[in-house]
Amino acid sequence: MSLRQDEDLTTLHQDGETPYELVIGLEVHVELKTESKVFCPCATTFGAPPNSQVCPVCLGLPGAVPVLNEGAVNQAIKAALALNCRIAPRLTFDRKNYFYPDLPKGYQISQYGLPVGSGGSITIEGPDGPKVIRINRAHLEEDTGKSIHDAVAGGSLLDFNRAGVPLLEIVSEPDIRSPEEAREYLTNLRDILAYAGVSDVRMEEGSLRVDTNVSVRPRGSDSMNPPTEVKNLNSFRSVVRALQYEGRRQWELLQRGEALTRETRHWDENAQVTVPSRAKDEAEGYRYLPEPDMPPYIITRERLEALKAQLPEPPQARRRRYMEELGLSAYDAGVLTAEKALADYFEECARLLGDAKTVANWVSTEILAYLGANNLTVDQLAVGPKELAHLLTMVKEGTLSGTMAKEVLADMLASGRTAEEVVEAKGLRQISDEGELAAIIRQVVEENPGPVADYKAGKEKALGALVGQVMRLTRGQANPQLANRLLREHLNS
Amino acid sequence: MAGDIMTARETAAAVRAGQASAVEITKAALDRIGALDKDLGAFLAVDEAGALAAAEAVDQKVAAGEDPGPLAGVPVAVKDNLSTKGLATTAGSNILKGYIPPYDATAVARLRAAGAVIVGKTNMDEMGMGATTVNSAFQATKNPWDLDRVPGGSSGGSAAAVAARLVPLSLGSDTGGSVRQPAAMCGITGLRPTYGRVSRYGLLALAGSMDTVGLLALDARDCALALQVVAGPDDRDASAEAEPVGDWAGMAGEAGPKGLDGLRIGLPRQLFQEPVDPAVKAAVREALDQLAGMGAQVEECDLPALTYSLGVYYVLVSAEASSTMSRYDGVRFGLRLGDQQGVAALYEQSRGAGLGPEVKRRILLGTHLLSGDQYESYYMQALRLRRVIKEELEQALSRYDLLAAPAAPTTAFPFDSWRAGTRAMYRGDFVALPASLAGIPALSIPCGFVEGMPVGLQLMGRAYGEETLLRAALAYQEAFDHHRRLPPVNAAGAGAPTAGTAGDGGSHGGGEGQ
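Residues numbered from 1 in each chain as written. Chains lettered and ligands numbered in written order. Predicted model: local features only at pLDDT ≥ 70, side-chain atom pairs only at ≥ 80, totals over all residues.

Draft legend 1. Examining the overall build of chain A more closely. Across its full length, chain A carries 15 helices and 16 strands. C-alpha extents for chain A along the principal axes are approximately 100 × 55 × 50 Å. Burial status across chain A gives 40% buried among its 493 residues. Of all intrachain contacts in chain A linking residues separated by at least 6 positions in sequence, the fraction that spans at least 24 positions is 69%. (Helix = DSSP H or I, 4+ residues; strand = E, 2+ residues; numbered from the N terminus. Buried ≥ 20, exposed ≤ 12 C-beta atoms within 10 Å, placed from the backbone. Contact = placed C-beta atoms within 7 Å.)

Draft legend 2. Local environment of the overall build of chain B. A tally of helices and strands in chain B yields 17 helices and 11 strands. On C-alpha atoms alone, chain B measures out to a radius of gyration of 21 Å, which is about the 24 Å that the 2.2 N^0.38 rule sets for 514 residues. Counting only C-alpha atoms, chain B reaches 65 × 55 × 50 Å along its principal axes. The burial tally for chain B puts 61% of its 514 residues in the buried class. A fraction of 75% describes how many contacts in chain B between residues 6 or more apart in sequence connect residues 24 or more apart. (Rg over C-alpha atoms; globule rule 2.2 N^0.38 Å.)

Draft legend 3. Spatial organisation of the pairing of strand β6 (residues 212-217) of chain B. Residue and element names in this part refer to chain B. The element β6 is extensively covered by neighbouring structure, given that six of its six residues are classed as buried. Burial along β6 is two-sided: the face carrying Thr-212, Gly-214 and Leu-216 and the face carrying Val-213, Leu-215 and Ala-217 are both buried. Inspection of the sheet shows strand β4 (residues 169-174) paired to β6 by six bridges, in the antiparallel sense. Of the residues in β6, the one forming a bridge with Gly-172 is Gly-214. Relative to β6, strand β5 (residues 189-192) runs antiparallel, the two sharing three bridges. When the sheet's bridge partners are listed, Gly-190 is paired in β6 with Leu-216. (Pairing = 2+ DSSP bridges.)

Draft legend 4. Representation of the sheet that holds β5 of chain B within the structure. Residue and element names in this part refer to chain B. Strand order in this open sheet of 11 strands is β1-β3-β2-β4-β6-β5-β10-β11-β9-β7-β8, and the pairing throughout is mixed. Each edge of the open sheet carries a strand with a single partner, namely β1 (43-46) and β8 (297-301). Strand-to-strand twist across the sheet, computed as the mean angle between neighbouring axes with direction ignored, equals 30°. Examined bridge by bridge, strand β2 (residues 75-79) and strand β3 (residues 117-122) share five bridges and lie parallel to one another. By the bridge assignment, Val-78 is partnered in β3 with Lys-121. Its contacts with the sheet place helix α16 (residues 466-479) against β5, β9 (402-406), β10 (442-450) and β11 (453-460), and it is angled at close to 20° to β10. (Axes fitted to C-alpha atoms, helices over the stretch in contact; angles between N-to-C directions.)

Draft legend 5. Expanded view of the confidence of the model for chain A. Mean pLDDT over chain A: 90, with 95% of residues reaching 70 or higher. Predicted confidence is poor over residues 1-13 of chain A, with pLDDT under 50, and the contacts of this stretch with residues over four places away or in other chains come to 19 contacts. (pLDDT = per-residue confidence, 0-100.)

Draft legend 6. Region of interest: the interface of chain B and chain A. Contacts between chain B and chain A engage 34 residues on the former and 25 residues on the latter. Taken together, the elements giving at least two residues each to the side of chain B that touches chain A come down to α10 (309-324) and α11 (343-354) of chain B. Ranked by the residues each element gives to the side of chain B that touches chain A, the list is headed by α10 of chain B, at three residues. Counted by class, the side of chain B that touches chain A contains 16 nonpolar, 10 polar and eight charged residues. (Nonpolar A, V, L, I, M, F, W, Y, C, P; charged D, E, K, R; others polar.)

Draft legend 7. Expanded view of the packing of helix α1 (residues 70-82) of chain A against helix α2 (residues 179-196) of chain A. All names here are of chain A. Direction vectors running N to C along α1 and α2 enclose 135°, while the axes themselves pass 10 Å from each other. Considered as vectors, α1 and α2 are oriented oblique to each other. Read as a crossing pair, α1 and α2 show a hand that is right-handed. Judged by residue contacts, Lys-78, Ala-79 and Ala-82 of α1 engage Ile-192, Leu-193 and Ala-196 from α2. Here the residues of the contact of α1 with α2 are counted per class, giving five nonpolar, no polar and one charged. (Parallel < 35°, antiparallel > 145°, perpendicular 65-115°, else oblique. Left-handed = near helix turned anticlockwise from the far one by under 90°.)

Draft legend 8. A look at the confidence of the model for chain B. Averaged over chain B, the pLDDT score is 92; the fraction of residues at 70 or greater is 92%. Interface predicted TM-score (ipTM) for the complex: 0.92; the corresponding pTM is 0.87.

Draft legend 9. Region of interest: helix α7 (residues 340-353) of chain A. All names here are of chain A. Its 14 residues give α7 an end-to-end C-alpha distance of 20 Å, which sits within 8% of 20 Å, the value for a rise of 1.5 Å per residue. Of the residues making up α7, those classed as buried are Leu-342, Ala-343, Tyr-345, Phe-346, Glu-347, Cys-349, Ala-350 and Leu-353. Looking at the buried positions of α7, the neighbouring elements they touch are α5 (315-324), α6 (330-337), α8 (356-374) and α9 (385-396). (Expected span 1.5 Å × (residues − 1).)

Draft legend 10. Main features of helix α12 (residues 434-447) of chain A. All names here are of chain A. With 14 residues, α12 extends 20 Å between its outermost C-alpha atoms, agreeing within 8% with the 20 Å of an ideal straight helix rising 1.5 Å per residue. Every buried residue belonging to α12 is among Leu-437, Ile-441 and Val-444, and all of these are buried. Burial along α12 is one-sided: seen end-on, the buried residues are contained in an arc of 60°. Turned more than 90 degrees from where α12 packs its buried face, Gly-435, Glu-436, Ala-439, Arg-442, Glu-446 and Glu-447 sit exposed. For α12, the secondary structure elements touched by its buried residues are α14 (462-473) and α15 (480-492). (Arc of directions from axis to C-beta.)

Draft legend 11. Just the nonpolar core, in detail. By size, the foremost hydrophobic cluster in this structure holds 237 residues, and its most contacted members are Ala-79 of chain A together with Val-76 and Ala-226 of chain B. Excluding residues within four positions of it along the chain, Ala-226 of chain B makes contact with Ala-8, Leu-71, Leu-169, Leu-215 and Ala-217 of chain B. Formed by 36 residues, the second largest nonpolar core is a distinct cluster that contains Val-335, Val-383, Met-404 and Leu-409 of chain A. (Core = buried A, V, L, I, M, F, W, Y, C linked by C-beta atoms within 7 Å.)

Draft legend 12. Inspection of the sheet that holds strand β15 (residues 289-290) of chain A at higher detail. Spatial strand order, β5-β4-β15 (chain A): three strands in an open sheet with antiparallel pairing. Both outer strands of the open sheet, β5 (107-110) and β15 of chain A, are each paired with one neighbouring strand and no more.

Draft legend 13. The environment of Val-275 of chain A, seen in detail. Residues and elements named next belong to chain A. Relative to the elements of secondary structure, Val-275 occurs in strand β14 (residues 273-276). Judged by C-beta crowding, with 11 C-beta atoms within 10 Å, Val-275 ranks as exposed. Each C-alpha atom, one on Val-275 and one on Asn-84, is 35 Å from the other, the two residues being 191 residues apart in sequence. Not counting the four nearest positions on each side in its chain, Val-275 is found in contact with Arg-265, His-266 and Asp-268.

Draft legend 14. Spatial organisation of unusual backbone geometry. Residues and elements named next belong to chain B. In the segment running from Gly-153 into Ser-154, the intervening peptide bond is cis, with an omega of 15°. Inspection of the secondary structure assignment puts Ser-154 in the loop between β3 and α5 (156-163). Positive phi is not limited to glycine here, since Met-127 has a value of about 60°. On the secondary structure map, Met-127 appears in the loop between β3 and α5. A tally of 30 C-beta atoms within 10 Å means that Met-127 is categorised as buried. In this structure, Tyr-464 takes a positive phi of about 60° despite not being glycine. Examined against the element boundaries, Tyr-464 turns out to sit in the loop between β11 and α16.

Draft legend 15. The environment of Thr-44 of chain A, seen in detail. All names here are of chain A. Structurally, the position occupied by Thr-44 is in the loop between β1 (20-31) and α1. Of the residues examined, Thr-44 has 21 C-beta atoms within 10 Å and is grouped as buried. A C-alpha to C-alpha distance of 7.1 Å links Thr-44 and Arg-162, two positions 118 residues apart in sequence. Once residues within four sequence positions are removed from consideration, Thr-44 is found in contact with Thr-34, Glu-35, Ser-36, Lys-37 and Val-165.

Draft legend 16. Quick look at the environment of His-266 of chain A. Residues and elements named next belong to chain A. Within the secondary structure layout, His-266 lies in strand β13 (residues 263-268). According to the C-beta neighbour criterion, His-266 is partly exposed, with 18 such atoms within 10 Å. Among all residues touching His-266, those that are not within four sequence positions of it are Lys-231, Asn-232, Thr-274, Val-275 and Ser-277.

Draft legend 17. Representation of the pairing of β13 of chain A within the structure. Residues and elements named next belong to chain A. Sheet topology note: the strand β12 (residues 228-233)/β13 ladder contains four bridges and is parallel. Across the sheet, residue Glu-229 finds its bridge partner in β13, namely Thr-264. Bridge count for β13 against β14 is four bridges, and the pairing is antiparallel. Its bridge partner lying in β14, His-266 is registered against Val-275. Linkage of β13 to β14, two consecutive antiparallel strands, is achieved through a turn of four residues, within which Gln-272 is found at a positive phi near 60°.

Draft legend 18. Molecular detail of the packing of α2 of chain A against helix α3 (residues 236-255) of chain A. Residues and elements named next belong to chain A. It is at 9 Å that the axes of α2 and α3 come closest, and there the two elements cross at 155°. Taken together, α2 and α3 sit at an angle that is classed as roughly antiparallel. Handedness of the crossing formed by α2 with α3: right-handed. Mapping the contact onto sequence places Pro-179, Ala-182, Arg-183 and Leu-186 in α2 and Phe-236, Val-239, Val-240, Leu-243 and Gln-244 in α3. A class-by-class count of the residues in the contact of α2 with α3 yields seven nonpolar, one polar and one charged.

Structure follows, in C-alpha cells:
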C-alpha cells in the first residue's frame, strides 16, 4: 500500500477526529557525558580523527577484558534518578550477541537481566492536563563503532572511536497515545537529562537517538495490535511525522481486513514514508549471556545518596517554584527554565539584584533576543549574571534610564566591557543632580514661552513637551522623573 | 656448571649476584631449544632477538648495581594464548595467523618487569579447547617422557618445555585443568591460582568466568616465587581482586624438611572413581599415605555434587566460548578471506577456514545452549549446579585444609589412541573441573610413575589459600624426589646438557623407547 505524497499528514490526527488512536512506546538511546569510555580509559571526544580514540579493549582485541568506568556508572545513576527510577543495588551486565563489522567483539555489553534503573516516569502536559508516561527501564550499555560505506570504492571503512562510549537506553511503557504526546515526552526527557548534566542530548550529533514502537487500535479500545518498530528518526519532527504516517498506514491495513505484523521499518526522510527495513529479522534472538568477564558491581547506599545530592532541581519543579515563590508568569517561568544554564544565570542575577521580576524581564527579552540573534549559548555570553545585576542596580538607583541601560547592555554584550566602561565612554551618565538640572530647566522655560503658558492655563500635556526639551538639551541624560518634578515645582512657584 | 638447567630461583640468584650472565643463560636455553625442540614441538615461536635483548638489559642492570628483579635472567616460555607485544600470538589457531598484538598481557608484563626473559611462545590446543595439544592448528607437541605420547593439554607446549628442561618456568592457562593435567602428564609442578589472583588481561579467553593464568615449573618453590611476581590486583581486570600477595618468594627460599602436622586432607571419593585408572589411583593413594606419614590427617569424604562437574562445565564453557569466539571474524586482525564478496562471505570464509573442528563444535553447541528454551533448561540449570558444587567444596574446605585427587585420570596416552572420541576426552577432565567451577586454587605435583610415565597428585585449597597449598607441596617435594627425575629426552638430545637440579639424573624405567 502507499499513501499519496501530497497528503498533508499533519492534519490527519487532530484529537478526536480520527477513529483510531496510537499506542506508542519509545526507546531512546542517550550518550552519557563522560571523560572516558564505559569499559576502558579511551577518550570520548566527538569528532576526533577516525580510530584515534581506541585501545585493545574497545577494539575487541584478543585477551582484552572490560573494566567498568566509575564516571559512567555515576552518570547512569544520575540519569536514572532524574527519571524517577529505582536504582539496582548492583550492576550486572549481559552480552547481546550479533555479528556486525562495527561491533568489535561480536557482542554488545548491555544490561538484560537487571537494568541500572527501573520503574521510572516522566509527567507530560497531555490534552487533558498532566499525564504520567511510565518508564519501564533504563539500562547501561556500550555504543558500537561507525561504518562508513561511501568513502572508498569497493569497500567500507570502520571508525571505532565511538565503540565503547557509554549509552543509556531508556525504554518507555506503551503509554503514549499520539505523535504530539511523543514529542512532549521527548522534549521533557531531553530537558531532564540536559538539566542533570548527564548528556549533551544532541540528536544531530547522535548523542540522542529515538526508535519507536507503534501500533493502532480503534479509539477507546484496549486491544493491542502487533507494533511496528520505526528506526532512522533524525529529529523530533521526524518522529512526529513517522508516527503520523504509521498510524495512517496501519489503520488503512486494518480497515482492509489485513493482519498487522510485527516488523521493523525505516523512516525515509526525503519521501516522508516508512519502508520495510532490509535488516534481517532477528528471530533467532540475541542469545543473551551474563557477561563472564566482570564481577557484579556493588552500588552502596552512601554513593547513591551522594549522587542524589548532586542532582539539580528538575525543570518542572523549578518552573513551579518560579511561579509560586518569585511571582513570575507561567510564560516567563517556562522560558527561563527551558535550559538549565539560562535558569542558573537568571537565578544568580536575581539573587544579586534582589528583584526577580526585573531580572526575569531583562533576561527573557534582551538576553534571549541577543542569544537568538547571534546563535550563542548562555555560557558564551560576555555579560555574566554579576555584570547584568550591576547594570540593573544602576537603573534602580537612577544612574541610568531604562533606555540608556538597553544601549549600554547591547554594547556590553558585543564588546565585553563593563557597564561603567560603556557609560564612561559614551558619556551616558544620567543627570540626577538638582542644581545641574535647575539651570537647564530655567533655560527651557525661558526659551519656550508657548508651552509654559499652555501649562499655566491648565494644559497638563504641555509639561511633556517641556520635559522633552530638557532631555534634548541633556542628550537624554537627564533623569526624566527628576526633570518632571523640578519643572512642575519651577512653574508652580 | 655452565649450561646446567637450574631452577628459576637458582638462576635468578646467580644472575643477581653477578655469578652468571643472563645473556649466557639465555643463549644456553636457546641452544637447547634449537637442539631438542625439533623433536618435541613445544614452541610455536622462538624470539631469539627479543630474548637476547632482554637478557642484555638484565646484565646491564646488574653491572650498574640496579635491582634486576626477582626473576632476573630466568628464561620463560609463554603459552601462545597470552598476548605478547610485538610477538605473534595465535592461541594455536589459523584464524590468528599473522596477528601481532600491540600489548602485553599483565602477567607477561609483570614477568618482564621482574627481569624474566621471554624466549618464545608455546604450542597449545586451539583456543585452549582440548587436553592433548594435538588440537593445535600448527603442530603436535610430544611428551618428553615418550615421544609417542601426548603431553596433555591445553598447555602442553608449556609443560613439555619445562619437563624437557628447555626453560625452568613457563606460563600456561587453566580453565578446566589445562595447567594441572599437562603438568601431571609431563612430570612437573603446575599451579592453577585462585580465580582472581592473577589478572586475566591479555589472556585470550576461553571462558572468562573460569579462565586463570597458571604457572608450570620444576617444583613448588619456583611456582611460589613466580606467583608472587604475577599475582595481585590490576586496574585492567575487574575480577583480579585486591587480596594481599604473600611473601611467597621468602617461602621459596626456606630451607629444610617440613612437617605436615595437623594438616587435614580430604579425599573426595567421587574423584577416585571411574574413569580413573587403577594404577594412577594406587600411585596417588601411595602419595597420600606418604603425606599421612609426614603428619597429615588424611580421610575420605563424599562430595556427591562433584559428579555433575563434567556436564556443568561443558555447558558453561561452550556457552561462553560461543560468544567469546565471535570477535574472531576476519574484520580487524588475523586471517581474512572473502572480503571482496560482502560481509557474510567475509565471516563465513574467514571463520570457516580459520577455526578448527573442536572450536566449531563448541561454538555450535554453545550457540544451541543459549538459544530458546535451552537457555533455561541447560545454561541456567548449569549455573545453579555450579553454585551447588561451589558450596559443597567450600563446605568441605571448612572441614579440611586441602582436598586431594588425581590430577589426571590416566598417564599420558599414545597419539594413536587419543581419538577415542570427544566424549571420552571430555571425561578425562572430570577430576580437574571441580576446582575450575569453584574458582579455588589447585596444583599438580609429580607423585610417582606408572610404566615409566609420570603421575600427578592434585591438591585443592581454599580461595586465596595458595600458601597452604604450596607449603604442602613444598614439604612433599622436600621428602620425595619424583619431581627431580629427568625424562629420557634429556639423554637423547644431541649435545644437550643433562644435569638435574639435585644431580639426580637417572631416568626412570619403562616407556622410554625412543
